[in-house]
Amino acid sequence: MEMHYVLPDHENLDKITYIYNPSGDLTVSSFITPAYCTFCKSQIDGFFIYNSSSSDEVSTIECNHCGKTIYLVDDEQSPVDVYMSSSDQMDGVEMEKSRKFNKVPIIHKDIYFLNEAMLERVQERTNINFFEAQEIELSNLIKRVCGNTKISFEDLSEKDLGLHPLFPNLPPLVNKWLHLLKKIECI
Ligand SMILES: [Zn+2]
């Protein structure tokens, strides 16, 4: 059982990058991820290191609510970043039915409200072009919108808003983004 994925180091909680490449793909790269227990259907406390480059390594997390083991698994066939799964096996026909129940996709751009639909709304309000080739840290992206709307980055709250049904607790920097989205009436 590996529990070293719990991350009390706040510096790394902010390592979130928005990437839009010339072919039109929007991805959000996150050094850490929130985690979800597929057994007791609740968010596991804390955040966990997620490194997409080590795809051959399956990470395990013990749920602090029910004690069961959850796996972080990559699926090379899928554009989705990673899954929270009750099994470390991604293939196997006999698992097909139960996998549908016990596998939750972790798509950071959706969980963090940084997907295409949301950025189109922010773009309408600010005239900032999010859909040109760029790679920008989330903190700088927030500051860019703050500068455009005369909102203070420092004054933005880091408190959870509980907007995502599966992940009510998000990294503090993401919460700043959500509070900003509220202020400019995008959520
Ligand atoms: Zn659980």
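Before any of the text, the structure's been laid out above.
A brief look at the structure comes next. (Residues numbered from 1 in each chain as written. Predicted model: local features only at pLDDT ≥ 70, side-chain atom pairs only at ≥ 80, totals over all residues.)

1. A closer look at the sheet that holds strand S1 (residues 16–20)
For step 1, the next point in the chain: Pairing is antiparallel in the open sheet, where three strands are placed in the order S2-S1-S9. Where the open sheet ends on each side, the last strands, each with one partner, are strand S2 (26–30) and strand S9 (134–137). The mean angle between the axes of side-by-side strands here comes to 15°, regardless of whether they run parallel or antiparallel.
For step 2, the next point in the chain: This element, helix H5 (residues 138–149), spans S1 and S9 of the sheet and lies at about 90° to S9. (Pairing = 2+ DSSP bridges. Helix = DSSP H or I, 4+ residues; strand = E, 2+ residues; numbered from the N terminus. Axes fitted to C-alpha atoms, helices over the stretch in contact; angles between N-to-C directions. Contact = placed C-beta atoms within 7 Å.)

2. Concerning the nonpolar core
For step 1, the next point in the chain: If you look at the biggest cluster of nonpolar residues, it comprises 38 residues, and the most contacted ones within it are Ala35, Ile70, Met84, Tyr112 and Trp177.
For step 2, the next point in the chain: When residues in this core are grouped by element, the largest group, five residues, is from helix H6 (residues 172–183).
For step 3, the next point in the chain: Each residue touching Trp177, except ones within four places of it in the same chain, is listed here: Tyr112, Phe113, Leu138 and Ile142. (Core = buried A, V, L, I, M, F, W, Y, C linked by C-beta atoms within 7 Å. Buried ≥ 20, exposed ≤ 12 C-beta atoms within 10 Å, placed from the backbone.)

3. A look at H6
For step 1, the next point in the chain: If you check H6, its first and last C-alpha atoms are 17 Å apart, about what twelve residues at 1.5 Å a residue would give, namely 16 Å.
For step 2, the next point in the chain: Considered for burial, the residues of H6 that qualify are Val174, Lys176, Trp177, Leu178, Leu180 and Leu181.
For step 3, the next point in the chain: For H6, the secondary structure elements touched by its buried residues are S1 and H5.
For step 4, the next point in the chain: Of the residues flanking the end of H6, it is Glu185, one or two places downstream, whose phi is positive at about 60°. (Expected span 1.5 Å × (residues − 1).)

4. Digging into unusual backbone geometry
Peptide bonds are trans in most cases, and residues, glycine excluded, mostly fall at negative phi.
For step 1, the next point in the chain: One non-glycine residue, Lys150, lies in the positive phi region at around 60°.
For step 2, the next point in the chain: By the secondary structure assignment, Lys150 is in the loop between H5 and H6.
For step 3, the next point in the chain: Look at Glu185: it is not a glycine, yet its phi comes out positive at around 60°.
For step 4, the next point in the chain: Within the secondary structure, Glu185 sits in the segment after H6.
For step 5, the next point in the chain: Accessibility expressed as a C-beta count within 10 Å gives 8 for Glu185, which makes it exposed.

5. Regarding the sheet that holds strand S8 (residues 103–106)
For step 1, the next point in the chain: An order of S5-S6-S7-S8 is seen for the four strands of this open sheet, with the pairing classed as antiparallel. At either end of the open sheet lies a strand with only one pairing partner, and these are strand S5 (59–62) and S8. Strand-to-strand, the axes of this sheet are offset by a mean angle of 25°, without reference to chain direction.

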